[in-house]
Amino acid sequence: MGIRTLAAVAVGVALSLAVNGDAAAAKLVKYKIVDETSIPKSLTGKPGDAKKGRALAINRKKGNCLACHAMPIPEQPFHGNIGTDLSGAGGRYSEGELRLRLVDSKVVNPDTIMPAFYKNTGFHRVLKKFKGKTILSAQEVEDIIAYVKTLK
Amino acid sequence: MGKFHLGSLLAAGAILAVGFSTQANAEGKHGMYANGEIRSGYTYLTPQSKAIQNDDFQNPGMIWVDDGATLYEAVDGKAGKSCKACHGKAEVAMKGVATTYPKYDEDTKKIKNIEAQVNRCRTKHMQAKPWKYESGQLLAMTVFIRHQSRGMPMNVSVDGPAVPFFQKGEKFYKQRRGALDMACSNCHIDNAGKNARANLLSQGQTNGFPTYRLKWQKVGSTHRRFRGCNKQVRATPYKYASDEYMNLELYVAWRGRGLPVETPAVRN
């Protein structure tokens with residue numbers, strides 16, 4: 001029974017690692033910031049899914065973009081007004097500029113309230129359950145960019 | 001008008017009071033609930049929530065006032081004393097006390113809040129057990145004591161020996177923390193008055209604490225609120241009554257200088 005329990009624990013650990021994917025991993029996908037204004041290349045090398053990105057923008061535990069930004073998502077009440085209105089953001093910013101703003105907005109504006117959605121170090125007193133994790137996975141970042149690009 | 005409104009609340013009745021506050025709000029004036037640009041959380045409330053605070057018969061926080069009044073007169077501890085045995089009538093002895101807390105404490109060379117002073121009295125003078133932080137008794141006593149200053153302007157001392165503690169509190173307030181990497185000031189200075197979804201960000205003032213929070217369905221302390229805010233930005237909170245939160249409580253009380261004590265306020 002001891003061995004069985006151990007095996008179950010091992011499977012559980014493996015499963016949780018698999019489920020959390022790269023959001024839980026300590027190592028992040030490497031990316032290159034160009035001119036301190038953009039990350040031109042996709043983090044995953046794969047195109048994002050705009051439909052998934054839209055859902056992530058609404059999801060309070062994921063992008064939660066609506067907390068601060070108004071967006072053309074009429075079925076959701078109460079859009080925030082802390083950040084800029086993202087209607088038309090796909091026309092105002094290049095894909096690379098959007099990616100840097102989502103990955104680590106403070107590179108562009110050190111005083112911004114906007115969290116870094118793809119960063120897992122350099123923070124003060126992070127709650128244990130969020131330690132070493134990014135808010136979004138690399139693919140989720142790409143999904144949201146794909147969605148915001150459609151806002152023209 | 002503002003002072004008249006609060007002071008005569010019981011006598012004039014709730015309907016009249018609600019009428020006044022709605023009118024004041026419609027005119028864009030906050031009356032006694034603001035000191036220049038400094039605004040009480042009251043001014044960010046919906047008319048419905050204001051109405052609950054305005055009416056002592058509706059305000060659920062008044063239950064803690066009543067409990068505190070009972071505890072104030074209750075004999076406890078080996079010395080066989082009540083609060084009243086030493087202090088006399090709370091209406092006299094405790095009037096104005098809340099406006100000066102938290103304050104520097106000569107004994108510990110640290111900042112103490114009212115909760116800490118209550119427990120000091122209990123252990124030292126009453127020889128009673130200290131009340132647990134955030135317990136019903138400590139909340140009730142704190143609410144009751146602060147209630148004796150209702151309507152009086154907050155006026156904590158941040159000079160002399162309090163200076164280094166005040167500076168630590170300010171540093172805490174402006175330090176980014178947690179996985180969301182946000183400081184208190186990012187919301188409550190930079191973005192007060194704006195909406196995070198349905199949540200209207202206030203200046204984060206503490207003049208109404210311990211406050212009856214509709215979300216909590218009970219009264220809670222400033223330290224409980226600090227812990228909640230810290231966890232919301234995915235940061236590890238400090239303990240109740242920690243030095244960090246005492247210093248922060250002093251800084252935040254100073255931010256609200258001139259605002260009236262509203263305990264027990266009603267907040268969302």
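The following paragraphs examine the structure supplied in this document. (Residues numbered from 1 in each chain as written. Chains lettered and ligands numbered in written order. Predicted model: local features only at pLDDT ≥ 70, side-chain atom pairs only at ≥ 80, totals over all residues.)

## Section: the overall build of chain A
Point 1. When helices and strands are tallied, chain A shows five helices and zero strands.
Point 2. Ordering the α and β elements of chain A from the N terminus gives α-α-α-α-α.
Point 3. Long-range pairs, those at least 24 residues apart, make up 56% of the contacts in chain A with a sequence separation of at least 6. (Helix = DSSP H or I, 4+ residues; strand = E, 2+ residues; numbered from the N terminus. Contact = placed C-beta atoms within 7 Å.)

## Focus: the packing of helix α8 (residues 114–125) of chain B against helix α9 (residues 136–147) of chain B
All names here are of chain B.
Point 1. Interaxial distance between α8 and α9 falls to 10 Å at its minimum, and their mutual angle equals 110°. Of the possible angle classes, the one that applies to α8 and α9 is roughly perpendicular. Handedness of the crossing formed by α8 with α9: right-handed. Here Ile114, Glu115 and Val118 of α8 come into contact with α9, specifically with Leu138, Met141, Thr142, Ile145 and Arg146.
Point 2. When the residues that make up the contact of α8 with α9 are grouped by side-chain class, the tally is five nonpolar, one polar and two charged. (Axes fitted to C-alpha atoms, helices over the stretch in contact; angles between N-to-C directions. Parallel < 35°, antiparallel > 145°, perpendicular 65-115°, else oblique. Left-handed = near helix turned anticlockwise from the far one by under 90°. Nonpolar A, V, L, I, M, F, W, Y, C, P; charged D, E, K, R; others polar.)

## Here's the deal with the interface of chain A and chain B
Point 1. Across the contact, 17 residues belong to chain A and 20 residues belong to chain B.
Point 2. For the side of chain A that touches chain B, the per-class residue count stands at 13 nonpolar, three polar and one charged.

## Here we look at the nonpolar core
Point 1. Counting residues in hydrophobic clusters, the biggest one holds 45 residues, and the most contacted among them are Val143, Phe144 and Leu250 of chain B.
Point 2. Elements supplying a minimum of two residues to this core: α4 (47–54), α5 (62–73), α8, α9, α10 (163–174) and α13 (243–255) of chain B.
Point 3. Excluding residues within four positions of it along the chain, leucine 250 of chain B makes contact with Pro102, Ile111, Val156, Val158, Ala162, Phe165, Phe166 and Gly169 of chain B.
Point 4. With 37 residues, the next largest nonpolar core counts Ile113, Ala116, Ile145 and Ala146 of chain A among its residues. (Core = buried A, V, L, I, M, F, W, Y, C linked by C-beta atoms within 7 Å. Buried ≥ 20, exposed ≤ 12 C-beta atoms within 10 Å, placed from the backbone.)

## Observations regarding unusual backbone geometry
Point 1. Here the amide bond leading from tyrosine 101 of chain B into proline 102 of chain B is cis, since omega sits at 0°, within 30 degrees of zero.
Point 2. When you line up the elements, proline 102 of chain B lands in the loop between α7 (90–93) and β3 (103–105).
Point 3. Here the amide bond leading from phenylalanine 209 of chain B into proline 210 of chain B is cis, since omega sits at -15°, within 30 degrees of zero.
Point 4. Mapped onto the fold, proline 210 of chain B is located in the loop between β6 (199–200) and β7 (211–213).
Point 5. One non-glycine residue, asparagine 64 of chain A, lies in positive phi territory at about 50°.
Point 6. You can see asparagine 64 of chain A is positioned in the loop between α2 (50–58) and α3 (89–92).
Point 7. Its identity as a non-glycine residue notwithstanding, arginine 234 of chain B has a phi of 65°, on the positive side.
Point 8. With respect to the helices, strands and loops of the structure, arginine 234 of chain B is situated in the loop between α12 (222–232) and α13.
Point 9. Judged by C-beta crowding, with 22 C-beta atoms within 10 Å, arginine 234 of chain B ranks as buried.

## Things to note about the sheet that holds β7 of chain B
Residues and elements named next belong to chain B.
Point 1. With respect to topology, three strands assemble into an open sheet ordered β8-β7-β9, the strand pairing being mixed. Edge strands, defined here as strands with exactly one partner in the open sheet, are β8 (218–220) and β9 (266–267).
Point 2. As judged from the three bridges shared by β7 and β8, these two strands associate in the antiparallel manner. Within β8, the position partnered with arginine 213 by the bridge is lysine 218. (Pairing = 2+ DSSP bridges.)

## Examining the packing of helix α4 (residues 95–104) of chain A against helix α5 (residues 138–149) of chain A
Residue and element names in this part refer to chain A.
Point 1. Axis separation between α4 and α5 bottoms out at 10 Å; the angle between their running directions is 130°. Viewed along their axes, α4 and α5 adopt a mutual orientation that is oblique. When you trace α4 past α5, the crossing you get is right-handed. On α5, the residues touching Glu95, Leu98, Arg99, Leu102 and Val103 of α4 are Val141, Ile144, Ile145, Val148 and Lys149.
Point 2. Here the contact of α4 with α5 is composed, by residue class, of seven nonpolar, no polar and three charged.

## Thoughts on α12 of chain B
Residues and elements named next belong to chain B.
Point 1. Looking only at α12, the buried set comprises Thr222, His223, Arg224, Arg225, Phe226, Arg227 and Asn230.
Point 2. Of the surrounding secondary structure, the elements contacted by the buried residues of α12 are β8 and α13.
Point 3. One or two steps after α12, the chain reaches arginine 234, where phi turns positive at roughly 65°.

## Here's the deal with the environment of lysine 110 of chain B
All names here are of chain B.
Point 1. Structurally, the position occupied by lysine 110 is in strand β4 (residues 110–112).
Point 2. Exposure remark for lysine 110: the 15 C-beta atoms within 10 Å place this residue in the partly exposed category.
Point 3. As for lysine 110 and threonine 211, which are separated by 101 residues in sequence, their C-alpha atoms are 25 Å apart.
Point 4. Those residues in contact with lysine 110 that sit more than four places away from it in its chain are Asp105, Asp243 and Met246.

## Things to note about α8 of chain B
Residues and elements named next belong to chain B.
Point 1. Taking 1.5 Å of rise per residue, twelve residues should cover 16 Å, and α8 covers 16 Å from first to last C-alpha, within 8% of that figure.
Point 2. Every buried residue belonging to α8 is among Ile114, Glu115, Ala116, Val118, Asn119 and Arg122, and all of these are buried.
Point 3. On its buried face, α8 sits against β4 and α9. (Expected span 1.5 Å × (residues − 1).)

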